[in-house]
Amino acid sequence: NIVVGGGIGVVTGVFLALSGISMLCGSVSAAVVMMARASPSQIASSLGCSHIWDGTGLGFLFGCFFIYGSKVGWYHRMFLPVILIELAEGGTSGGSTWGAVDECALVLVSAGICAANLVCPPPSATAGDVAMSRRGLVTNLLYGDFIEAAYPFMGR
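Owing to the predicted nature of the structure, the values given are computational and were not obtained by experimental measurement. (Residues numbered from 1 in each chain as written. Predicted model: local features only at pLDDT ≥ 70, side-chain atom pairs only at ≥ 80, totals over all residues. Heavy atoms only, no water.)

**Here's the deal with the overall build of the protein**
Counted only if it meets this: Going along the chain from the N terminus, every DSSP run of H or I of four or more residues is numbered as a helix, and every run of E of two or more is numbered as a strand. The atom set for the radius of gyration is the C-alpha atoms, and the globule formula is 2.2 Å times the number of residues raised to the power 0.38. The classification of residues rests on relative accessible area computed with a 1.4 Å probe and restricted to protein chains. Under 20% of the type maximum is buried, over 50% is exposed, and intermediate values are partly exposed. Throughout, a residue-residue contact means that at least one pair of heavy atoms, one from each residue, lies within 4.5 Å. Only the protein chains shown count as cover for residues, with accessible areas throughout obtained via the Shrake-Rupley method and a probe of 1.4 Å. His is not counted, nor are the chain ends; Lys and Arg add positive charge and Asp and Glu add negative charge. Charged side chains are reduced to one point each, which is NZ for Lys, CZ for Arg, CG for Asp and CD for Glu.
The secondary structure content of the protein amounts to 8 helices and 0 strands. The globule rule puts the C-alpha radius of gyration for 156 residues at 15 Å, and the 19 Å found for the protein is more than 25% above it. Counting only C-alpha atoms and orienting by the principal axes, one finds that the protein spans roughly 55 × 50 × 25 Å. Relative to its full complement of 156 residues, the protein shows a buried share of 27%. Taking contacts inside the protein between residues at least 6 apart in sequence as the whole, the part at least 24 apart equals 46%. For the protein, the accessible surface area stands at approximately 9,900 Å², while carbon and sulfur atoms represent 70% of it. Distance from the positive charge centre (6 side chains) to the negative charge centre (8 side chains) of the protein: 9 Å.

What follows is the structure, given as structure tokens:
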């Protein structure tokens, strides 16, 4: 299993490098970083729509795009690879802009739902719900990778 798992990673990495997909994702990531560092008015003027819109709410729109994409299955197909490529590139920021959006739009919302279930549990909450909320809150705040903990509570 270790050999197969490692081999899949190597084959995928070589495919991404040779096909140019990695360069495309790097360019998309660089464009997003450039937009994140620019003021909304600069982005609106570069898009040629500064006479209609001053760029207010662009971060909100990107967050909505991210949340929508996570609901329709784009997270593992598109967002996570871009985050990983952005982290691998390093660049001047040493981090990931898309990863920061992921943290704010998905992870912290999930942690908030778990915290709300701990502070004010619904009447139908079981001991398992409380334990899941506690585990989800701690894991999301410390590691940022357990957004699934909030799914049962969002369905209610």
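**What about the state of the cysteines?**
Inclusion rule: Pairs of cysteine sulfur atoms within 2.5 Å are what we label disulfides.
Counting across every chain of the model gives 0 disulfides. This cysteine, Cys104, is not joined by any disulfide, and Cys64 carries the nearest cysteine sulfur, 13 Å off. The exposure class assigned to Cys104 is exposed, which follows from its relative accessible area of 52%. Cysteine Cys120 is unpaired, with the sulfur of Cys114 as its nearest cysteine sulfur at 15 Å. The exposure class of Cys120 is exposed, given its relative accessible area of 56%.

**Considering the packing of aromatic side chains**
For clarity, the threshold we go by: When the centres of two rings from Phe, Tyr and Trp lie within 6.5 Å, Trp using its six-membered ring, the rings pair. Their planes under 30 degrees apart give stacked, over 60 give edge-to-face, and anything left gives tilted.
Under the definition given, this model contains 4 aromatic pairs. Seen from their ring centres, Phe65 and Trp74 are 5.6 Å apart, and the 50 degrees between their planes marks the pair as tilted. On the basis of relative accessible area, Phe65 is assigned to the partly exposed category, the value being 33%. Given the relative accessible area of 29%, Trp74 is considered partly exposed. Between Tyr68 and Trp74, the aromatic rings sit 5.4 Å apart at their centres with planes inclined by 85 degrees, giving edge-to-face as the arrangement. In this structure an aromatic cluster arises from ring pairing among Phe65, Phe66, Tyr68, Trp74 and Phe79.

**Side note on the packing of helix H4 (residues 58-71) against helix H6 (residues 97-119)**
For clarity, the cut-off: With axes taken as lines fitted to C-alpha atoms, and helix axes fitted only over the stretch in contact, angles between N-to-C directions fall between 0 and 180 degrees. We call two directions roughly parallel when the angle between them is under 35 degrees, roughly antiparallel when it is over 145, roughly perpendicular when it lies between 65 and 115, and oblique otherwise. For this classification, Asp, Glu, Lys and Arg are treated as charged, while Ala, Val, Leu, Ile, Met, Phe, Trp, Tyr, Cys and Pro are nonpolar and the rest, including Gly, are polar.
At a minimum axis separation of 10 Å, H4 and H6 run at an interaxial angle of 75 degrees. Between H4 and H6, the crossing angle belongs to the class labelled roughly perpendicular. Across the interface between the two elements, Phe62, Gly63, Phe66, Ile67 and Ser70 from H4 touch Trp98, Val101, Asp102, Ala105 and Leu106 from H6. Split by residue class, the contact of H4 with H6 holds 7 nonpolar, 2 polar and 1 charged.

**Some thoughts on the packing of H6 against helix H7 (residues 127-142)**
Heads up, the rule is: Here a crossing is taken to be left-handed if its near helix is turned anticlockwise relative to the far helix by less than a right angle, and right-handed if that turn runs clockwise.
With their axes 8 Å apart at the nearest point, H6 and H7 run at an angle of 145 degrees to one another. Here H6 runs over H7; the crossing is left-handed. For the pair H6 and H7, the contacting residues are Glu103, Val107, Leu108, Ser110, Ala111, Cys114, Ala115, Asn117 and Leu118 in the first and Val130, Ser133, Arg134, Gly136, Leu137, Asn140 and Leu141 in the second. Here the residues of the contact of H6 with H7 sort into 9 nonpolar, 5 polar and 2 charged.

**A short note on the confidence of the model for the protein**
The condition that has to hold: Every residue gets a pLDDT, meaning the predictor's confidence in that residue, from 0 to 100.
Considering every residue of the protein, the mean pLDDT works out to 81; 95% of them sit at 70 or more. Mean pLDDT across the elements of the protein ranges from a minimum in helix H2 (residues 21-37), with 75, to a maximum in H7, with 92.

**Overview of the environment of Thr126**
Mapping Thr126 onto the fold places it in the loop between H6 and H7. When its relative accessible area of 44% is taken as the criterion, Thr126 is described as partly exposed. Thr126 sits 45 residues away from Pro81 along the chain, and the two C-alpha atoms are 37 Å apart.

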